[in-house]
Every structure is written in structure tokens, then in C-alpha cells.
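Now for the letters of each chain:
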Amino acid sequence: MTELTPDMTVGAVAAELPGAAELFRSKGINFCCGGNASLSAAAQKAGLLPDRLIADLQSLADAAGREAPEATPDLIDHILTRYHETHRTELEWLIPLAQKVERVHGDHEDAPLGLSEALIALHDDLDAHMAKEEAVLFPLMKQGGNPMIVHPIAQMRHEHEDTARLLAGLEHVTHGLTLPEGACGSWTALYTGLRKFSEDLVAHMHLENTVLFARFEPAHA
């Protein structure tokens, strides 16, 4: 992403920068319901120095994508195995676990009501999105691309924005992935899995947006 500035919103940064969501949680910054707040305002509300928060976020930005393979075919294979396969595998158990927690603890004031529905929507969104990348965009990139490739890339970027909004919905229904006191093992495992899944998904989209896609766009040539 571009250089971080104090007027960026916490919601946008959490959706685009790997590790930002966890940093915000650790600092007590609400990036779901309070997602429209600027970094500066959110830092001050949490009793933090805005410059310090931005410096911490910039460190995350500098580190993002550093472990990615350099060659484009290798980078695509990395994305397929590290993210596409992992997302599919994790959603297969996160959805039924969310259904179980909602069913068993639906009367609890902190129950994540609507979580399984949100996860199913995210599953359907990701499944269609990744299938298009695998069937059309990635093979074209491995062949070196062509001038028309900017159009499917633009569509994938747009779909990433839709995915980010669905991901923000998970944060909302889980109250910022905050476990209630005395939460059972299933509830704890669900939120642990969701935290990892969410961080992976942000890292995945960031890697495509800032590294892979940029290699085939004239403005970045």
C-alpha cells in the first residue's frame, strides 16, 4: 500500500495491511464499528502517540511480501499453495464450527449471531474469485501476459474490495473476535481459527495487489 498517513482510516488499513488488524486489537483500537476513524484520532482515543502507531504500522508495511518468491511463476505457485488451498481447507471446518457455536451459545449476549451466514457468503465469494484467477488470470501471467491483462486484473482488484467488506463483517459479528469470559473450547478454537484466517486473507490480497498484479500494469512498469 502507499505510504501511511495520519488521515488514513483504521478500517482501510486493517483491510489492506497484513498484521494491522492484530496490532489494532492489541492496542485496543476498534477498526470495525470505529473503522471510519483516522489513524490519528484512533491513536489519541486509545491513549497512544499517533506517530508511534504509524511507525509500527509502517514496519508491518515494510515487511509485507518480503518472503514472497521473486520469479512470477514461483510467486503464483506460492499464492496457490499458501493461500488458495489454505483458505479452502480452513473454511471447510470454520463454517460448521461457527454453526455449532451459534447453535449451542445462541442465547449468550456475546454470541456471534450471523457468523456462519457471513462465513458462507465469504466462502462463496472467495471460491468464485479464486477459480477465476486459477482458470484465466494466473495461466495468462505464467505465459508472460498481454496488453489485455489489465482488464481481468482490474476486476480482481475490485473483487478484493468486496472480499474486504465481507471480512469486516466477520469482525463485526464477533465483536472484534473478543471471547467472553469462560468461553468453551469450541468457541475459543473458532476465534483462534478466524484470527489466523483473517490475517492470511489480508496478506493474500496485499501480495496480489502490491506485488503480483503490479508487475503487469503499465503504471508500475
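Residues numbered from 1 in each chain as written. Predicted model: local features only at pLDDT ≥ 70, side-chain atom pairs only at ≥ 80, totals over all residues. Heavy atoms only, no water.

Further remarks concern the domain arrangement of the chain. Domain assignment breaks the chain into domain 1 (10-65) and domain 2 (72-215). Using C-alpha coordinates to define each centre, domain 1 is positioned 20 Å away from domain 2. Taken together, the two surfaces of domain 1 and domain 2 that pack against each other cover about 1,000 Å², and 60% of this comes from carbon and sulfur. Scanning the region where domain 1 abuts domain 2 turns up two salt bridges. In this structure, the salt-bridge partner of Arg195 is Glu22, at a minimum N-O distance of 3.0 Å. Applying the counting criterion to the domain 1 and domain 2 interface returns four residue pairs in polar contact (both at pLDDT 80 or more). At the level of elements, helix H1 (10-16) and helix H2 (20-27) are the ones that each hand at least two residues to the side of domain 1 that touches domain 2. For the side of domain 1 that touches domain 2, a count of residues per class yields nine nonpolar, two polar and three charged. (Domains from an automatic or database assignment. Buried area = accessible area lost by both parts, 1.4 Å probe. Salt bridge = Lys/Arg side-chain N within 4 Å of Asp/Glu carboxyl O. Polar contact = N/O pair within 3.5 Å; in protein donor to acceptor, adjacent residues only side chain to side chain. Helix = DSSP H or I, 4+ residues; strand = E, 2+ residues; numbered from the N terminus. Nonpolar A, V, L, I, M, F, W, Y, C, P; charged D, E, K, R; others polar.)

A few words now on the nonpolar core. Formed by 25 residues in total, the largest nonpolar core has its most connected members in Leu115, Leu119, Leu170, Leu190, Leu194 and Phe197. Elements that contribute at least two residues to this core include exactly helix H5 (72-105), helix H6 (115-142), helix H7 (150-173) and helix H8 (185-212). No other element matches the eight residues that H8 contributes to this core. Setting aside anything within four residues of it in sequence, one finds Leu170 in contact with Leu115, Ala118, Leu119, Leu122, Leu194 and Phe197. Formed by 19 residues, the second largest nonpolar core is a distinct cluster that contains Val13, Ala20, Ala42 and Leu57. (Core = buried A, V, L, I, M, F, W, Y, C linked by side-chain atoms within 4.5 Å. Buried < 20%, exposed > 50% of the residue type's maximum accessible area, 1.4 Å probe, protein only. Contact = heavy atoms within 4.5 Å.)

Bringing the UniProt feature "domain: Hemerythrin-like" (unreviewed entry) in the chain into the picture now. In the numbering adopted here, UniProt assigns the feature "domain: Hemerythrin-like" (unreviewed entry) to residues 76-215. Secondary structure across residues 76-215 comprises 79% helix and 0% strand; the distance between its end C-alpha atoms is 12 Å. (UniProt positions renumbered as here; feature names shortened; annotations may be inferred.)

Moving on to the pattern of salt bridges. This model, assessed by the stated rule, comprises 13 salt bridges. A salt bridge links Arg52 to Asp56, with the nearest nitrogen and oxygen atoms 2.9 Å apart. Of this pair, Arg52 and Asp56 both sit in helix H4 (residues 50-63), four residues apart, roughly one helical turn. What makes Arg52 partly exposed here is its relative accessible area of 48%. Residue classification places Asp56 among the partly exposed residues on the basis of a relative accessible area of 22%. Each of Glu22, Arg25, Glu171 and Arg195 takes part in one network of salt bridges that share partners.

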